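Next come the chains, spelled out residue by residue.
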Amino acid sequence: MDATVVLVGVVIGIGIFGFPPLVAQHAASEAMYIALWCAGGFVMLVGALCYAELGSAYPGAGGEYLYLTRAWGARVGLLFAWARCTVIQTGAIAVVAYIYGDYAQRLLPLGTYGPALHAAISVAALTGLNVVGTRHSKRLQWVFTLLTLVALGAVLLASLSGAGGGGLEPVAPTPLAGNPAGLMGMGMVFVLLTYGGWNEAAYLSGELREPGRNMSRVLLIGTAVVTGAYLLTNLALLEIFGLQGLRDTPALGADVMQLAAGPYAAALLSLMICGTALSTINGTIITGARVYYALGRDVPKLRALSGWSARNETPVAALLVQGAITLALVGLGAFSQNSVQTLVAYTAPVFWIFMLLVAASVWRLRQLDPDRPRPFRVPFYPLPPLLLGLTCAGLVYSSAVYAGAGALIGLAVLAAGVPMLRLLKPARLPD
């Protein structure tokens with residue numbers, strides 16, 4: 001249950017209050033809008049099935065780092081670890097920290113650089129909490145996750161109020177210009193950004209009791225909770241705003257509660273959204289530090305990263321290094337016109353490249369390691385990993401087109417890790 005709560009807390013985060021208007025801008029009709037969210041849930045389920053097989057066959061703290069190293073060799077594993085440490089995980093934490101900072105700035109203004117200061121404080125405070133101990137962080141994650149679900153419940157109640165006469169007058173949606181397939185592809189980029197994080201539970205497989213049995217349960221139960229919550233929330237948003245109104249809504253959460261119950265309720269939901277963002281940041285800090293720990297365990301020259309506090313049950317050195325890199329990215333965002341878009345652009349293409357390789361790892365590891373016990377096997381094999389791989393390939397292209405120059409920066413940082421491969425040769429293959 002702790003791992004499921006971490007998964008739900010990471011996935012159902014701030015994105016559901018920020019990305020629905022962007023999805024609506026790429027949906028030609030309400031039916032297409034809901035279809036995109038259903039498709040996102042299906043992709044999450046397919047991905048969860050693939051991760052359930054990998055996580056049950058290869059339980060360990062390294063997650064994708066472990067799978068990629070076994071499937072494609074130590075150099076690919078190291079390149080992924082570099083990308084996750086410098087682009088994927090730290091960039092994702094910084095993105096959510098800035099969204100938190102924007103809402104926190106409304107509640108407690110801290111001047112011109114208030115959002116950046118709030119973002120930095122949240123990263124530093126939650127990193128410190130995790131250094132103190134996983135047990136304390138886990139308890140706080142329960143609180144944050146419950147607060148997240150309460151915030152979504154408030155949106156659903158607001159939709160009932162709207163249905164009773166408080167909603168907006170329906171406005172016919174403006175026809176969208178452009179290739180319908182291209183529009184749907186862009187819509188899926190934002191949908192899957194909102195679903196992002198479902199793979200994070202793989203990083204806890206080394207600490208699960210009976211991982212062969214429980215890994216699949218964590219992923220499948222988490223998927224069901226997330227998909228159900230997202231579909232109900234988006235049906236509620238359509239009930240309140242209609243498709244065109246949703247496209248034109250800049251501050252989704254505040255507008256919902258302003259419409260349903262006035263400005264005090266809007267401020268209360270803003271506070272809940274801050275808790276939602278903190279839930280995502282905390283869950284991502286917990287899982288992200290496990291990659292640094294696994295990297296330090298396997299690479300002699302990075303042995304300092306493998307420090308583990310038995311008393312606190314936490315990888316202290318890994319948490320501190322992750323926090324320092326994330327704070328550097330928060331500082332970078334402070335000098336950008338739109339911090340969130342800059343950091344999303346920085347992370348997305350690199351993330352989907354490695355997700356594509358993970359999908360292919362299900363097939364590759366069955367070929368290389370056929371005798372390995374697999375307590376959970378992907379049903380309808382090889383269809384799920386094939387579908388996940390094709391989806392990832394499309395998203396690499398779509399996110400690169402959306403991200404523009406930001407994608408080039410992220411890819412350049414990835415390329416900068418290539419010379420590292422010769423210097424940091426692993427001493428051992430991950431268990």
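Computed from a predicted model, the values in this text were never measured in an experiment. (Residues numbered from 1 in each chain as written. Predicted model: local features only at pLDDT ≥ 70, side-chain atom pairs only at ≥ 80, totals over all residues. Heavy atoms only, no water.)

(A) Representation of helix 13 (residues 339-368). Its 30 residues place the ends of helix 13 43 Å apart at the C-alpha level, agreeing with the 44 Å of an ideal helix rising 1.5 Å per residue. At Ser361, helix 13 shows its maximal bend, which comes to roughly 35 degrees. (Helix = DSSP H or I, 4+ residues; strand = E, 2+ residues; numbered from the N terminus. Expected span 1.5 Å × (residues − 1). Bend = angle between axes of the 7 residues up to and from the residue.)

(B) Quick peek at the nonpolar core. By size, the foremost hydrophobic cluster in this structure holds 116 residues, and its most contacted members are Tyr33, Trp37, Tyr195, Val226, Tyr230, Ile281 and Phe354. Here this core takes 18 residues from helix 5 (residues 74-107), the largest share from any one element. Excluding residues within four positions of it along the chain, Tyr33 makes contact with Pro20, Val23, Ala24, Ala27, Asn234, Leu237, Leu238, Leu243 and Leu246. (Core = buried A, V, L, I, M, F, W, Y, C linked by side-chain atoms within 4.5 Å. Buried < 20%, exposed > 50% of the residue type's maximum accessible area, 1.4 Å probe, protein only. Contact = heavy atoms within 4.5 Å.)

(C) Structural view of unusual backbone geometry. Cis geometry is adopted by the peptide bond preceding Pro382, which originates at Tyr381 and carries an omega value of 10 degrees. Even without being glycine, Phe380 reaches a positive phi, approximately 60 degrees. Summarising the element assignment, Phe380 is placed in the loop between helix 13 and helix 14 (383-403). The exposure class of Phe380 is exposed, given its relative accessible area of 72%.

(D) Highlighting the packing of helix 4 (residues 64-72) against helix 13. Helix 13 packs onto helix 4 with a crossing angle of 55 degrees between their chain directions and a minimal axis gap of 8 Å. Between helix 4 and helix 13, the angle is such that the two are oblique. You can see that helix 4 and helix 13 cross each other, and the crossing is left-handed. Facing helix 4, whose interface residues are Glu64, Tyr67, Leu68, Arg70, Ala71 and Trp72, helix 13 presents Phe354, Met355, Leu357, Val358, Ala360, Ser361, Arg364, Leu365 and Leu368. Broken down by class, the residue content of the contact of helix 4 with helix 13 amounts to eleven nonpolar, one polar and three charged. (Axes fitted to C-alpha atoms, helices over the stretch in contact; angles between N-to-C directions. Parallel < 35°, antiparallel > 145°, perpendicular 65-115°, else oblique. Left-handed = near helix turned anticlockwise from the far one by under 90°. Nonpolar A, V, L, I, M, F, W, Y, C, P; charged D, E, K, R; others polar.)

(E) Representation of helix 3 (residues 30-57) within the structure. Between the first and last C-alpha of helix 3 there are 41 Å, a value that for 28 residues agrees with the 40 Å anticipated at 1.5 Å per step. Taking burial as the measure, the 28 residues of helix 3 include 21 buried ones, the bulk of the element.

(F) How the structure looks around the pattern of salt bridges. Under the defined criterion, the tally for this structure stands at three salt bridges. Between Arg374 and Glu53 there is a salt bridge, and its shortest N-O distance comes to 3.5 Å. On the criterion of sequence distance, the pair formed by Arg374 in the loop between helix 13 and helix 14 and Glu53 in helix 3 is long-range, its members being 321 residues apart. With a relative accessible area of 2%, Glu53 lands in the buried category. Salt bridges linked by common partners bring Glu53, Arg366 and Arg374 together as one network. (Salt bridge = Lys/Arg side-chain N within 4 Å of Asp/Glu carboxyl O.)

(G) Just the side chain of Arg366, in detail. Note on placement: Arg366 falls in helix 13. Arg366 sits in the buried class, given a relative accessible area of 16%. A distance of 2.7 Å separates a polar atom in the side chain of Arg366 from a polar atom in the side chain of Glu53. Among residues more than four places away in sequence, those in contact with Arg366 are Glu53, Arg374, Arg377, Val378 and Tyr381. (Polar contact = N/O pair within 3.5 Å; in protein donor to acceptor, adjacent residues only side chain to side chain.)

(H) Representation of the packing of aromatic side chains in the model. Enumeration according to the criterion identifies eight aromatic pairs in this entry. With centroids separated by 6.4 Å and ring planes inclined at 75 degrees, the aromatic side chains of Tyr51 and Tyr67 adopt a geometry described as edge-to-face. A residue pair is termed long-range when its members are at least 10 positions apart, and Tyr51 in helix 3 and Tyr67 in helix 4 qualify at 16 residues. Note on Tyr67: relative accessible area 0%, which makes it buried. Both rings, one in Phe80 and one in Phe354, keep their centres 5.3 Å apart while their planes meet at 65 degrees; by these two values the pair is edge-to-face. A residue pair is termed long-range when its members are at least 10 positions apart, and Phe80 in helix 5 and Phe354 in helix 13 qualify at 274 residues. Taken as a pair, Phe80 and Phe354 share a single burial class, namely buried. Taken together, Tyr33, Trp37, Tyr195 and Tyr230 form an aromatic cluster joined through their ring pairs. The side chain of Arg366 reaches across the aromatic face of Tyr381, ending 3.8 Å from its centre. (Phe/Tyr/Trp six-rings, centres within 6.5 Å; stacked < 30°, edge-to-face > 60°. Lys NZ or Arg CZ within 6 Å of the ring centre and 35° of its normal.)

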